[in-house]
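Examination of the molecular architecture
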Amino acid sequence: MSTGNMNLTLKVWRQKNTQTAGKFVTYKAEGISPDMSFLEMLDVVNESLTKKNEEPIYFDHDCREGICGMCSLYINGRPHGPKRAITTCQLHMRSFSDGETITIEPWRAAAFPVIKDLGTDRSAFDRIQQAGGFVSVNTGGVPDANLIAIPKVIADEAFNSATCIGCGACVAACKNASAMLFTSAKITQLGLLPQGQPERYSRVQAMVAQMDEEGFGNCTNTGACEAECPKEITLNNIAFMNNDFFSAKLFREEHAHDQTGGE
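Every value quoted in this text rests on a predicted model; they were computed, and no experiment measured them.

1. Describing the packing of aromatic side chains
- Throughout the structure, instances matching the rule amount to eight aromatic pairs.
- Taken together, a centroid distance of 6.4 Å and an interplanar angle of 85 degrees make the contact between tyrosine 74 and tryptophan 107 edge-to-face. Of this pair, tyrosine 74 sits in strand E3 (residues 74-75) while tryptophan 107 sits in the loop between strand E5 (101-105) and strand E6 (114-116); the two residues are 33 residues apart in sequence, bridging distant segments of the chain.
- By relative accessible area, which is 17% here, tyrosine 74 ends up buried.

2. Some details on the environment of glycine 119
- The topology assignment puts glycine 119 in strand E7 (residues 119-120).
- Distance in space between the C-alpha atoms of glycine 119 and proline 106 is 6.2 Å, their sequence separation being 13 residues.
- The residues touching glycine 119, leaving out its near neighbours within four places in the chain, are Tyr58, Asp60, Pro113 and Val114.

3. A word on a nonpolar patch on the surface
- Together, Phe246, Leu250 and Phe251 make up an exposed nonpolar region whose accessible area comes to about 410 Å².
- In this structure leucine 250 comes out as exposed when scored by relative accessible area, which is 64%.

4. Notes on the pattern of salt bridges
- For the structure on display, the rule yields twelve salt bridges.
- Measuring nitrogen to oxygen at the nearest pair gives 3.6 Å for the salt bridge that ties arginine 122 to aspartate 60. Of this pair, arginine 122 sits in the loop between E7 and helix H2 (123-132) while aspartate 60 sits in the loop between helix H1 (38-51) and E3, and the two are 62 residues apart along the sequence. Comparing arginine 122 with aspartate 60 shows no difference in burial state: the two are buried.

5. As for unusual backbone geometry
- Positive phi, normally seen in glycine, also occurs at alanine 85, with a value near 60 degrees.
- Relative to the elements of secondary structure, alanine 85 occurs in the loop between strand E4 (78-79) and E5.
- Positive phi outside glycine occurs at asparagine 221, with the angle close to 60 degrees.
- Locating asparagine 221 in the fold gives a position in the loop between helix H6 (200-213) and helix H7 (224-228).

6. Regarding the environment of serine 72
- Looking at the element boundaries, serine 72 is found in the loop between H1 and E3.
- Between the C-alpha atom of serine 72 and that of alanine 177, which follows or precedes it by 105 residues, the distance is 15 Å.
- Among all residues touching serine 72, those that are not within four sequence positions of it are His80, Trp107, Leu118, Arg122 and Cys167.
- Polar contacts involving the side chain of serine 72 include one to the main-chain carbonyl oxygen of glycine 69, which spans 3.1 Å.

7. Topic: the sheet that holds E4
- The five strands are arranged E2-E1-E5-E3-E4 in an open sheet whose pairing can be described as mixed. Each edge of the open sheet is held by one strand with a lone partner, namely strand E2 (23-32) and E4.
- In this sheet, E5 lies alongside E3 in antiparallel orientation, the contact comprising two bridges. Looking at E5, one finds that tyrosine 74 is bridged to glutamate 105.
- Packed on one face of the sheet, H1 meets strand E1 (6-14), E2, E3 and E5 and runs near 100 degrees to E2.

Reading the values: the criteria
- Every chain is numbered on its own, with residues counted from 1 as its sequence reads.
- The model is predicted, so local features are restricted to residues of pLDDT at least 70 and side-chain atom pairs to those at 80 or more, both for listing and for counting; the totals for chains, interfaces and linings are taken over all residues.
- To get the side-chain values, all heavy atoms of the structure are used, and hydrogens and water are removed first.
- Classification of ring pairs rests on two measures: the distance between centres of Phe, Tyr or Trp rings, Trp counted by its six-membered ring, which must be within 6.5 Å, and the angle between planes, read as stacked under 30 degrees, edge-to-face over 60 and tilted in between.
- Labels follow the DSSP assignment, with helices taken as runs of H or I lasting at least four residues and strands as runs of E lasting at least two, numbered in each case from the N terminus.
- Using a 1.4 Å probe on the protein chains alone, a residue whose accessible area is under 20% of its type maximum counts as buried, one over 50% counts as exposed, and one in between counts as partly exposed.
- By definition in these notes, contact holds between two residues if any of their heavy atoms fall within 4.5 Å.
- Patch construction takes residues with relative accessible area above 30% that form no salt bridge. Like charges are linked within 9 Å, and nonpolar side chains (Val, Leu, Ile, Met, Phe, Trp, Tyr) are linked within 5 Å.
- The Shrake-Rupley method, run with a 1.4 Å probe sphere, supplies the accessible areas, and residue values consider only the shown protein chains as cover.
- By definition here, a salt bridge exists when the distance from a side-chain nitrogen of Lys or Arg to a carboxyl oxygen of Asp or Glu is within 4 Å.
- Think of a polar contact as two N or O atoms within 3.5 Å of one another; within protein, one of them needs to be a possible hydrogen donor and the other a possible acceptor, and neighboring residues in sequence only count if both atoms come from side chains.
- Whether two strands pair comes down to DSSP finding at least two bridges between them.
- Only C-alpha atoms enter the line fits that serve as axes; for helices the fit covers just the stretch in contact. Angles between N-to-C directions range over 0 to 180 degrees.

Nothing here speaks to function; it is geometry throughout.
What follows is the structure, given as structure tokens:
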């Protein structure tokens, strides 16, 4: 790591909890190496705050390898910062200039209430997946992969959808705080594969119903979600979800929360 030679001004959203009002607080980040990741820079700032007996900045993080989706920060008006197709933990300080002012906020969505400072409660995503983002059919033991013939184009599309890490950047980028890109990625992943076919139409109804119940907005097809997704999930997933949803409603009507399809 190169010698720290960047001095920055941070405007950080500080909020004690969900019930209290928040505000921006200004901090100095000095001696920052351009080779640091954005989270490492926040670690340095927090170390300085701790030494001064001040409350460190709360932010979510886990793997720091662009896999878990925890490091969800709104940086200078963009989810995960100025670079495309990366998470916050993959953003390096060389993407900024010495002396720059950086504004850092949490995700802004009613369905993602602020826990503290920059951390938000994204358990709404968990509940959407719990509503139908799984395969419950008894498949027996683990078969050899070659025993289930899946065309490569289908396998590739399913894999691309499965790369969604559930970070919520799509929600943060959308003017309506829509979760349709996330929800559709989970639906498409299973809806394309043979293991997901028995519950395909009950699944889409259950997950869409849960998404609406959580208070997410609707999609207006502006494409902000696709542009800001760190895993480059495409709008094609939303088209797939809408097709299955309308098919279920028109031709395969089933109770949204009845995985058996019974009355």
